[in-house]
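These are the residues of each chain, in order.
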Amino acid sequence: MSATSKLFKSTTKFLVDYNQEVIMKLTEALSLSSEQVSTMTEALKVDEILDLKKLSRRGGSKSGATRQPTEYNKFVQKTIKQLKSDNPTMDRKMLMKEAAAAWTAQKEELAAGSPKKKAKK
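A. Main features of the nonpolar core. Counting 5 residues, the largest nonpolar core is built from Val76, Ile80, Leu83, Leu95 and Ala99. Not counting residues within four places of it along the chain, the set of residues in contact with Leu83 comprises Leu95, Glu98 and Ala99.

This is how it looks when you write it as structure tokens:
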């Protein structure tokens with residue numbers, strides 16, 4: 001959980017507790033009816049103000065622009081397709097390990113091959 005979502009979660013908890021205390025004190029001081037208490041409780045709801053599910057989503061809202069895949073992403077995707085066709089029984093974890101090893105090997109070859117052609121990080 002990110003620091004931002006932890007902050008919002010603790011803020012939400014604090015606001016809920018505080019609002020319950022305010023409701024209790026106002027109910028006692030003003031002798032409110034149960035209908036008035038429920039109306040006040042509804043008005044002081046916090047979870048509608050701070051929607052943690054939207055805030056905790058990595059990368060922001062779905063309507064925003066998505067990042068372009070990196071060279072690594074493209075390489076891994078292509079390599080996994082190749083490995084899967086060669087070895088259909090290999091599990092996903094092993095496919096990823098093999099693709100990452102192939103990327104590292106390719107990066108080292110490019111670095112050793114010529115000083116001008118360096119692999120992107």
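B. Structural view of the packing of helix H4 (residues 71-86) against helix H5 (residues 92-113). Packing of H4 against H5 brings their axes to within 9 Å, and their N-to-C directions diverge by 125 degrees. One finds that H4 runs oblique with respect to H5. Crossing geometry of H4 relative to H5 is assigned as right-handed. For the pair H4 and H5, the contacting residues are Glu71, Tyr72, Phe75, Val76, Thr79, Ile80, Leu83 and Lys84 in the first and Arg92, Leu95, Met96, Glu98, Ala99, Ala100, Ala102, Trp103 and Gln106 in the second.

C. Quick peek at the pattern of salt bridges. A complete count under the given rule lists 3 salt bridges for this structure. Lys25 is the salt-bridge partner of Glu21, the closest N and O atoms lying 3.1 Å from each other. Of this pair, Glu21 and Lys25 both sit in helix H1 (residues 3-30), 4 residues apart, which is roughly one turn of that helix. Here Lys74 ties to Glu71 by a salt bridge, and the two come within 3.9 Å at their closest N and O atoms.

D. Seen up close, unusual backbone geometry. Despite not being glycine, Ser31 shows a phi value in the positive range, around 50 degrees. Relative to the helices and strands, Ser31 resides in the loop between H1 and helix H2 (34-43).

E. Structural view of the environment of Thr79. Inspection of the secondary structure assignment puts Thr79 in helix H4. A residue is classified by how much of its surface remains accessible, and Thr79, at 12% relative accessible area, is buried. Separated by 20 residues in sequence, Thr79 and Ala99 place their C-alpha atoms 5.8 Å apart. Once you skip the residues sitting within four places of it in the chain, Thr79 turns out to touch Ala99 and Ala102. Within polar-contact distance, the side chain of Thr79 engages the backbone oxygen of Phe75 at 2.7 Å.

F. Focus on the packing of H1 against H2. Direction vectors running N to C along H1 and H2 enclose 155 degrees, while the axes themselves pass 11 Å from each other. When the interaxial angle is binned, H1 and H2 end up roughly antiparallel. The hand of the H1/H2 crossing is right-handed. For the pair formed by H1 and H2, the contact residues are Ile23, Leu26 and Thr27 on the first element and Val37, Met40 and Thr41 on the second. Here the contact of H1 with H2 is built from residues that sort into 4 nonpolar, 2 polar and no charged.

G. Looking closely at the packing of aromatic side chains. Within the structure shown, the criterion is met by 3 aromatic pairs. Each ring, one from Phe14 and one from Tyr18, has its centre 6.0 Å from the other, and the planes form 15 degrees; the classification is stacked. Here the residue Phe14 and the residue Tyr18 both occupy positions in helix H1, the gap between them amounting to 4 residues, near one helical turn. Under the relative-accessibility criterion, Tyr18 is labelled partly exposed at 45%. Ring centres of Phe75 and Trp103 lie 5.3 Å apart, and the angle between their planes is 55 degrees; on these two criteria the pair is classed as tilted. Of this pair, Phe75 sits in helix H4 while Trp103 sits in helix H5, and the two are 28 residues apart along the sequence. Each member of the pair, Phe75 together with Trp103, is buried. An aromatic cluster is built from Tyr72, Phe75 and Trp103, whose rings are joined through pairwise contacts.

About the criteria used
Residues numbered from 1 in each chain as written. Predicted model: local features only at pLDDT ≥ 70, side-chain atom pairs only at ≥ 80, totals over all residues. Heavy atoms only, no water. Core = buried A, V, L, I, M, F, W, Y, C linked by side-chain atoms within 4.5 Å. Buried < 20%, exposed > 50% of the residue type's maximum accessible area, 1.4 Å probe, protein only. Contact = heavy atoms within 4.5 Å. Axes fitted to C-alpha atoms, helices over the stretch in contact; angles between N-to-C directions. Helix = DSSP H or I, 4+ residues; strand = E, 2+ residues; numbered from the N terminus. Parallel < 35°, antiparallel > 145°, perpendicular 65-115°, else oblique. Left-handed = near helix turned anticlockwise from the far one by under 90°. Salt bridge = Lys/Arg side-chain N within 4 Å of Asp/Glu carboxyl O. Polar contact = N/O pair within 3.5 Å; in protein donor to acceptor, adjacent residues only side chain to side chain. Nonpolar A, V, L, I, M, F, W, Y, C, P; charged D, E, K, R; others polar. Phe/Tyr/Trp six-rings, centres within 6.5 Å; stacked < 30°, edge-to-face > 60°.

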